[in-house]
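What follows is each chain in one-letter form.
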Amino acid sequence: MTTQEITSPEELAELLGAPTQRARNKERTVLHQRDREWLAASPFCLVATAGADGGCDVSPKGDPAGFTLVLDETTIAIPERPGNRRADGYRNILANPHVGLIFLIPGRTDTLRINGRARLVRDAPYFGDMVVQGHRPVLAVEVAIEQIFYHCAKAFFRSELWKPETWRPDVLPTRARLVKEVEAPTENLADLERHYGPDYASRLYV
């Protein structure tokens with residue numbers, strides 16, 4: 001059997017079929033009160049970006065629930081905390097402001113999706129509302145909302161993501177051993193284990 005590639009929107013539509021009327025009409029451009037409540041309850045989101053050359057990045061962002069601030073009915077802001085300084089997604093935003101966001105609430109099988117145009121802000125009056133453990137954010141991503149809607153639960157049901165009985169955290173080596181084997185084979189494993197050990201969580205905001 002040969003590989004059969006899909007090469008046109010028409011071919012894709014023929015294969016998948018037409019979306020339901022509800023699916024077609026669920027997009028909005030202004031935050032609903034329920035959207036605000038969702039953002040207030042969400043401690044985690046995924047930020048998708050693409051550079052000028054089409055290269056893509058998806059970065060996880062997490063903080064205490066409500067870390068995403070609603071600035072007005074069409075604008076939100078996401079804080080950045082100290083990380084590995086690669087800034088892949090932020091470099092993409094500088095070249096191409098279009099972003100896609102998925103907000104999760106632990107245990108919920110539906111998600112909130114927001115697409116829009118982003119800009120990077122190094123300081124703003126609302127940074128004081130983003131302080132966690134005494135630390136202001138490094139920067140913030142402001143997103144002007146162009147599209148907002150809820151996504152159905154099927155992926156979560158299929159994956160059984162929130163069922164603890166399906167979790168297998170030990171199926172792969174520890175983070176320290178993965179770094180040693182895959183990223184930094186010349187580094188000392190004991191040093192890596194100390195770095196990613198019990199004190200790792202105490203350094204999240206410094």
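Right above here is the structure, for reference.
Residues numbered from 1 in each chain as written. Predicted model: local features only at pLDDT ≥ 70, side-chain atom pairs only at ≥ 80, totals over all residues. Heavy atoms only, no water.

**Some words on the state of the cysteines**
According to the stated counting rule, one finds zero disulfides in the structure shown. Unpaired in this structure, Cys45 has its nearest cysteine sulfur neighbour in Cys56, at a distance of 17 Å. As a non-bridged cysteine, Cys152 has Cys45 as the owner of its nearest cysteine sulfur, 20 Å distant. Here Cys152 falls in the partly exposed class, since its relative accessible area comes to 41%. (Disulfide = S-S within 2.5 Å. Buried < 20%, exposed > 50% of the residue type's maximum accessible area, 1.4 Å probe, protein only.)

**What about the side chain of Thr111?**
With respect to the element layout, Thr111 can be found in strand E6 (residues 111–121). Overall, Thr111 belongs to the buried group, its relative accessible area being 4%. Setting aside its immediate chain neighbours within four residues, Thr111 contacts Trp38, Ile102, Phe103, Leu104, Phe149, Tyr150, His151 and Phe156. (Helix = DSSP H or I, 4+ residues; strand = E, 2+ residues; numbered from the N terminus. Contact = heavy atoms within 4.5 Å.)

**Topic: the pairing of strand E3 (residues 69–72)**
Here E3 runs beside strand E4 (residues 75–80); their pairing, made up of three bridges, is antiparallel. Considered in E4, the bridge of Leu69 is made with Ala77. (Pairing = 2+ DSSP bridges.)

**So, the sheet that holds E6**
A sheet is described by the order of its strands in space; here seven strands give the open sequence E2-E1-E5-E6-E7-E4-E3, paired in antiparallel fashion. Two strands bound the open sheet, and with one partner strand each, they are strand E2 (56–62) and E3. For this sheet, the mean angle separating the axes of adjacent strands, direction not counted, is 35°. One ladder, built from six bridges, connects E4 with strand E7 (residues 139–151); its direction is antiparallel. (Axes fitted to C-alpha atoms, helices over the stretch in contact; angles between N-to-C directions.)

**Here we look at unusual backbone geometry**
A positive phi is found at Arg85, a non-glycine position, where the angle reads about 70°. Examined against the element boundaries, Arg85 turns out to sit in the loop between E4 and helix H4 (88–95). For Arg85, a relative accessible area of 77% corresponds to the exposed category. Even without a glycine there, the phi angle at Ala87 is positive, about 60°. You can see Ala87 is positioned in the loop between E4 and H4.

**Describing the pairing of E4**
Burial analysis of E4 places six of its six residues in the buried class, the great majority of the element. Side chains Thr75, Ala77 and Pro79 project from E4 onto one buried face, and the interleaved Ile76, Ile78 and Glu80 project onto a second face that is buried too. In this structure, the hairpin formed by E3 and E4 is closed by a connection of two residues.

**Topic: the pattern of salt bridges**
Applying the stated rule across the entire model yields eleven salt bridges. Here Arg28 makes a salt bridge to Asp35, at a shortest N to O gap of 2.5 Å. The class of Asp35 is buried, set by a relative accessible area of 0%. Among the salt bridges present, the one from Asp63 reaches Arg81, with a minimum N-O distance of 2.7 Å. A residue pair is termed long-range when its members are at least 10 positions apart, and Asp63 in the loop between E2 and E3 and Arg81 in the loop between E4 and H4 qualify at 18 residues. For the pair formed by Asp63 and Arg81, the shared burial category is buried. (Salt bridge = Lys/Arg side-chain N within 4 Å of Asp/Glu carboxyl O.)

**Brief notes about the nonpolar core**
Counting residues in each nonpolar core, the largest one holds 22 residues, and the members touching the most others are Ile76, Leu101, Phe103 and Ile114. Sorting the residues of this core by element identifies helix H3 (33–41), strand E1 (44–50), E4, H4, strand E5 (98–104), E6 and E7 as the ones contributing at least two each. Here the element with the most residues in this core is E7; it accounts for five residues. Dropping the residues within four chain positions of it, Leu101 is found in contact with Leu46, Val47, Ile76, Ile78, Leu112, Arg113, Ile114, Asn115 and Val143. Residues Ala77, Tyr126, Phe127 and Ala140 belong to the second largest nonpolar core, which totals eight residues. (Core = buried A, V, L, I, M, F, W, Y, C linked by side-chain atoms within 4.5 Å.)

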